[in-house]
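Reading the structure
Take a look at the letters that make up each chain.
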Amino acid sequence: MSAKKLGFGLMRLPMLDGETVDIETTSQMVDEFLARGFTYFDTAWMYCNFKSEEATKEALVKRHPRDSYTLATKLHAGFIKTKEDRDKVFNEQLRKTGVDYFDYYLLHDVGEDHYRIYNELDCFNWIMDKKEKGLVKKIGFSFHDNAELLDRVLTEHPEMEFVQLQINYLDWDSVGVQSRKCYEVATKHGVPVIVMEPVKGGTLAKVPSTVEDLFKNYAPDMSVPSWAIRFAASLDNVFMVLSGMSDMAQLKDNTDYMADLKPLTDEEKEIIKKAVEILNSNIAVPCTGCAYCVDGCPMKINIPKCFSLLNADLQEIKEKGWTPQGEYYDRMTQTSGKASDCIACGQCEGMCPQHLPIIEDLKMVVKHFGK
């Protein structure tokens, strides 16, 4: 595994017209990344309008020796219907990227729904077969769901060599995303972690001025995103942190402080805690996650998780586009009630120590995530 913990996420590459990857700029970024001693590249079937893997071939594979970089890509459950589809996608990925093998190969976006598909189509044995044939060096999966399911997946599939998790300081103690709990599950199983969304797609790069001042007063020369990436990289069981870099300035900033990573000090951890408090002070629903409301709910709605995901999604910057919280919500409601199932019985409001107007707040969840 790479000694340097920063990976180049090829998900938000510079685009010429919103449709076409800017290969010239991407090539310059790839060259600079490698020149600075970083080697890990992460792409996927659908990134950049399904063009990221081809851009990887043009900017990286055609221009650099195969042993000078590490390449990861993924199989997504949404694009396979039969067992034959697995090889169709995989062989096309080899063609599109131009490599003979992948260093890391992931079953993409495991959650309750996709886990069922991967099991039905025997994808775990399939990916092990690819490894045995030398077409893949390391096998694992990316994950967007709760810690309980992650524990089950890792228990049922101990052959998995790594897991990719959404980890950042804002989601660390989130009731909905469960970054900390998922990290602890992976660590318990002895499975190394790759971090995705360390800056929440740019959300933690464009923080309120009060948070930016907090960071700048302590370390004037450190960028705002560096606090988020170093938070993830400082975790003991994390071996790679992915950053979806879109321009050379982002790449140079990230590689500057990650070239010789200095883990967060206790003082810096306290500053991040203050930043989280500020970011959470203006959330839509001030739920503390005590869950007193859950047991008595006749519709089995996980009310604290509904509010946590709503709050997290409203904190995202508008420029980001796709956000994962809707997916977390959809998966949560496969095993519990939807916010729209609320019958306004008032049981929850009678139990809430914060005296929240839960019935009205659940209507916000319905409006935001749909029925």
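Criteria and cut-off values
- Residues numbered from 1 in each chain as written.
- Predicted model: local features only at pLDDT ≥ 70, side-chain atom pairs only at ≥ 80, totals over all residues.
- Heavy atoms only, no water.
- Disulfide = S-S within 2.5 Å.
- Buried < 20%, exposed > 50% of the residue type's maximum accessible area, 1.4 Å probe, protein only.
- Helix = DSSP H or I, 4+ residues; strand = E, 2+ residues; numbered from the N terminus.
- Phe/Tyr/Trp six-rings, centres within 6.5 Å; stacked < 30°, edge-to-face > 60°.
- Lys NZ or Arg CZ within 6 Å of the ring centre and 35° of its normal.
- Pairing = 2+ DSSP bridges.
- Right-handed = clockwise from strand over helix to strand, strands pointing away.

Some thoughts on the state of the cysteines
- As enumerated under the stated definition, the model contains zero disulfides in all.
- With no disulfide of its own, Cys182 has Cys306 as its nearest cysteine by sulfur position, at a separation of 17 Å.
- Accessibility expressed as a relative area gives 4% for Cys182, which makes it buried.
- Cys348 takes part in no disulfide bond, and the closest cysteine sulfur to it belongs to Cys345, at a distance of 6.1 Å.
- The class for Cys348 is buried, based on a relative accessible area of 8%.

With respect to unusual backbone geometry
- Positive phi outside glycine occurs at Ala291, with the angle close to 70 degrees.
- By the element assignment, Ala291 lies in the loop between α12 (266-280) and α13 (303-314).
- A positive phi angle is found at Lys300, which is not glycine, with a value near 60 degrees.

A closer look at the packing of aromatic side chains
- Applying the stated criterion across every chain yields a total of 22 aromatic pairs.
- An aromatic cluster is defined as three or more aromatic residues linked by ring pairs; in this entry it consists of Tyr169, Trp172, Tyr183, Phe215, Tyr218, Trp227 and Phe231.
- Across from the ring centre of Trp45, 4.5 Å away, lies the NZ or CZ of Lys96, which sits over that ring.

Section: the pairing of strand β6 (residues 162-166)
- In terms of burial, β6 is a largely internal element, five of the five residues being buried.
- The alternating pattern of β6 places Phe162, Gln164 and Gln166 on one face and Val163 and Leu165 on the opposite face, and all of these are buried.
- Where strand β5 (residues 136-143) lies against β6, four bridges are found, and the strand directions are parallel. Bridging from a neighbouring strand, Phe141 pairs with Val163 of β6.
- Taken together, β5, helix α7 (residues 147-156) and β6 constitute a β-α-β crossover, and its handedness is right-handed.
- Relative to strand β7 (residues 193-196), β6 runs parallel, the two sharing four bridges. The residue of β7 that forms the bridge with Gln164 is Ile194.
- Considered for its hand, the β-α-β crossover made up of β6, helix α8 (residues 179-188) and β7 is right-handed.

Don't take any of this as a statement about function, it's just geometry.
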